[in-house]
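Secondary and tertiary structure notes
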Amino acid sequence: MAERRYAKTHEWLTVDGKTATVGITDFAQAQLGDVVFLDLPKPGRKVSRGEAFGVVESVKAASDLYSPVSGTVSAVNDKLSSNPELVNSDPLGEGWIMKVEISGAVPDDLMDEAEYEKSAEASAH
Amino acid sequence: MPNRTALYDRHVALGGRMVDFGGWDLPQQYTSIRDEHLAVRKAAGLFDISHMGRLDLVGPRAEEFLQHVLTNDVAGVEPGRAQYNLMCLEDGGVVDDLVIYRRGHEHFLVVVNAANREKDIAWLRKHLPDGTTLTDRTLEVGLIALQGPRAEELMPKGSSETKAIPYFGFAAGKVAGVPALISRTGYTGEDGFELFIENDRLGSVWDAILESGRSSGVVPAGLGARDATRLEAALRLYGNDMDESVNPYEAGLGWTVKPDKGEFIGSEALAKVKQAGPRRRLIGLSLKAGDIPRHGAAVTSGGKKVGAVTSGTHSFFLGHPIALALVEGPSFPVGETLGVDVRGREASAEVVKLPFYRGSAHSAASPAKS
C-alpha cells in the first residue's frame, strides 16, 4: 500500500507507479457536511498542481477541488455521480475522486498523516 | 459570545456541530443533515428551538395593541389557538414574521425570530399602550419541537393526550410527566408539536423523547434539517426570503393581511400594493441534480436579470435542488424556464408550484389558517 500524502487544501493522494489516486480528507468531508454533487473533469484533461480541477457541492456550500499533482486525468470515480455520499462515508476509500497519470516528479513537499492532522487541527480553530 | 440553550451540553454530547445562529450556539447537524432531514419526513425529528424569542403580552388592551402592530386579524383567535402573523413598518416592509398564541382574553404569547428579538421588543415597546406589559421570557422557558408524520404516536409515556389539539391549537399538559404547553405548530411542513417547558425540566423531556422514540426512528435534528424541511414546505425564512425591504404581498403572504379589521401599522401602504399588484413575487424553482442555487444567486429570464434566489438547497427528500426566488415583473407561470447563476454559469430552472412538498401538517385536524 502506497503511503498517503496530504495537501494543505485537504486533498490526499496515493501513488502507484506513475498513477496517483486523489480524494479529499476525512477532515474536509466533515467540514463540508453532506456532499450532494461533484463536478469532475473528463479523462484526458491535463491538470497542474494547485489547479482547481472540480467542485464539490455540499448542502452548505460549493468548494473547489485542487489537484495535488500535475498530469493527465486518467479516470474519475463514476460511482460518485449516483452516490456522492461515498465522499462522506469513505473519503479515503470508495470515495476517491480521480486518478492522474503523473507528469514529472511527485511533489516532495506534501504532508504525511501526522503533519496533516496537525495542520488541519490548527485550521479548525 | 453566543447564548447557549439549556440543552447545550446535550447537543455537544450527541456530537452536534455547533454554529452561531441568530446569536445562539446551536447544532447545524448531529450525524448528517440528510439522515436528520429524512427522519423528519418519515418518523420524527427533535429540534431545540429555544433560541426563538418568547414574549409574554398581558393587559386589557393586549388584543387592541396586536391588532395595531400586526397585519392579521387577532380578534377571531380564541384562547387555545395560535396564528401566523406579520409585523410591518409604515411602508409595508416586514419587521418580522411571528406566531401569536392566545392564552387568555388578555394574555398572549408571541414567538419571534431569534435574530429579531431585540429589534422586535424595541418596536413593540415603542407602540405599547399604558397598562399592557411585555415581558421577555426567552431565557426562562425552553422550546423544543417534535416534528414528523409519527410525532403524535411517538410522544413519550407520561404525556397528555394530544388528539384534541387542532392544527395551530395548543393546550397546557404534560410531556414525560413534566408540565408543558403543547402546541400543534411547527416549521417543517409535518405534523408535530412545539413544546414550551421550563428550562430546568427541559433536558429530562428531551432525553425521554429521544429514548422512547429511538427504536422508531426519532433522532435529534439540527438547523440544517430544519432549513431543508422548512424550504420544502415553502415556509419563509426571515432575513433570507423577506426583510424590511419586502412587503407581505411580494413574499406571497398576502393571506396574512386583513384590511377589513381596520387601520394598522402599514395598512395604508399595503392597500396601495394590493391595488397596484406587487412589484416582485416570491416563486418556487426546481433545478436538476448538481445545480444547487445559493442565496443571492441571480435569476434571469431570456438572459435578463429578473431577481435573485432567496433560499436554495439540495432537497434530499425530493432528490433535486429547489429554491425560492424573489423576481420582478410579470408573474412567471408554473412550467416556465428561468436561468439561475450556479458557479458562474446559467443553470436552467423550472418555475414550480409552492409548496415543493406538502407534509403531514396539512392533514392534521382542522387547519386554522385564519
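As a reminder, the structure under discussion sits directly above these lines.
A short tour of the structure in this document, coming up.

Okay, the overall build of chain B next. For chain B, the helix and strand inventory stands at seven helices and 20 strands. Taken against the 2.2 N^0.38 rule, which gives 21 Å for 370 residues, the C-alpha radius of gyration of chain B at 20 Å falls within 12% of a compact globule. Referenced to the eigenvectors of the C-alpha coordinate spread, the extents of chain B come out at roughly 60 × 50 × 40 Å. In chain B, of all internal contacts separated by at least 6 residues, the share reaching a separation of at least 24 is 67%.

A word on the overall build of chain A. Scanning chain A for helices and strands turns up four helices and nine strands. Tracing chain A from N to C terminus, the helices and strands come up as β-β-β-α-β-β-β-β-β-α-α-β-α. Expressed as lengths along the three principal axes of its C-alpha atoms, the size of chain A is roughly 35 × 35 × 25 Å. Put simply, chain A has 125 residues, and 39% of those count as buried. Partitioning the intrachain contacts of chain A with sequence separation of at least 6 by distance along the chain shows that 60% fall at a separation of at least 24.

With nine residues of chain A in contact, the opposing surface of chain B contributes 11 residues. Sort the elements by how many residues they give to the side of chain A that touches chain B and strand 4 (residues 35-39) of chain A lands first, with three residues. Each residue belonging to the side of chain A that touches chain B can be placed in one class, and the counts come to five nonpolar, one polar and three charged.

What follows is about the sheet that holds strand 8 (residues 71-76) of chain A. Residue and element names in this part refer to chain A. Strand order in the open sheet made by the six strands is 1-2-3-9-8-5, with antiparallel pairing throughout. Because the sheet does not close on itself, it has two edges, and the strands there are strand 1 (5-6) and strand 5 (46-47). For strand 8 and strand 9 (residues 98-102), the ladder comprises five bridges, and the chain directions are antiparallel. Bridge pairing in strand 9 links Val-76 to Met-98.

This part is about the environment of Asp73(B). You can see Asp73(B) is positioned in the loop between helix 3 (62-69) and strand 6 (82-88). Given 20 C-beta atoms within a 10 Å radius, Asp73(B) is considered buried.

Bringing the pairing of strand 11 (residues 170-175) of chain B into the picture now. Residue and element names in this part refer to chain B. Note: strand 11 against strand 12 (residues 178-183), six bridges, orientation antiparallel. Residue pairing across strands places Lys-174 opposite Pro-179, the latter belonging to strand 12. The antiparallel hairpin formed by strand 11 and strand 12 contains two residues in its connecting segment, where Ala-176 sits at a positive phi of about 50°.

So, about unusual backbone geometry. Following Leu354(B), the chain continues into Pro355(B) via a peptide bond in cis, with omega recorded as -5°. Along the chain, Pro355(B) falls in the segment after strand 20 (345-352). The phi torsion at His10(A) lies on the positive side, around 75°, for a residue other than glycine. Tracing the backbone shows His10(A) in the loop between strand 1 and strand 2 (11-16). C-beta crowding within 10 Å serves as the criterion here: with 24 such atoms nearby, His10(A) is assigned to the buried category. Despite not being glycine, Phe168(B) has its phi angle at roughly 60°, a positive value. One can find Phe168(B) in the loop between strand 10 (141-147) and strand 11.

Residues and elements named next belong to chain B. If you trace the five strands from one edge of the open sheet to the other, you get 6-7-8-5-9, paired in antiparallel fashion. Looking at the sheet topology across the chains shown, the edges are occupied by strand 6 and strand 9 (133-136). Taking each pair of neighbouring strands and ignoring which way they run, the sheet shows an average axis angle of 30°. Direction of pairing for strand 5 (residues 53-58) relative to strand 8 (residues 107-112): antiparallel, over a ladder of six bridges. Paired with Val-58 across the strands is His-107, a residue of strand 8. In the packing of helix 4 (residues 117-127) onto the sheet, the strands contacted are strand 5, strand 6, strand 7 (94-104), strand 8 and strand 9, and the crossing angle to strand 9 comes to about 170°.

Analysis parameters
- Residues numbered from 1 in each chain as written.
- Chains lettered and ligands numbered in written order.
- Predicted model: local features only at pLDDT ≥ 70, side-chain atom pairs only at ≥ 80, totals over all residues.
- Helix = DSSP H or I, 4+ residues; strand = E, 2+ residues; numbered from the N terminus.
- Rg over C-alpha atoms; globule rule 2.2 N^0.38 Å.
- Contact = placed C-beta atoms within 7 Å.
- Buried ≥ 20, exposed ≤ 12 C-beta atoms within 10 Å, placed from the backbone.
- Nonpolar A, V, L, I, M, F, W, Y, C, P; charged D, E, K, R; others polar.
- Pairing = 2+ DSSP bridges.
- Axes fitted to C-alpha atoms, helices over the stretch in contact; angles between N-to-C directions.

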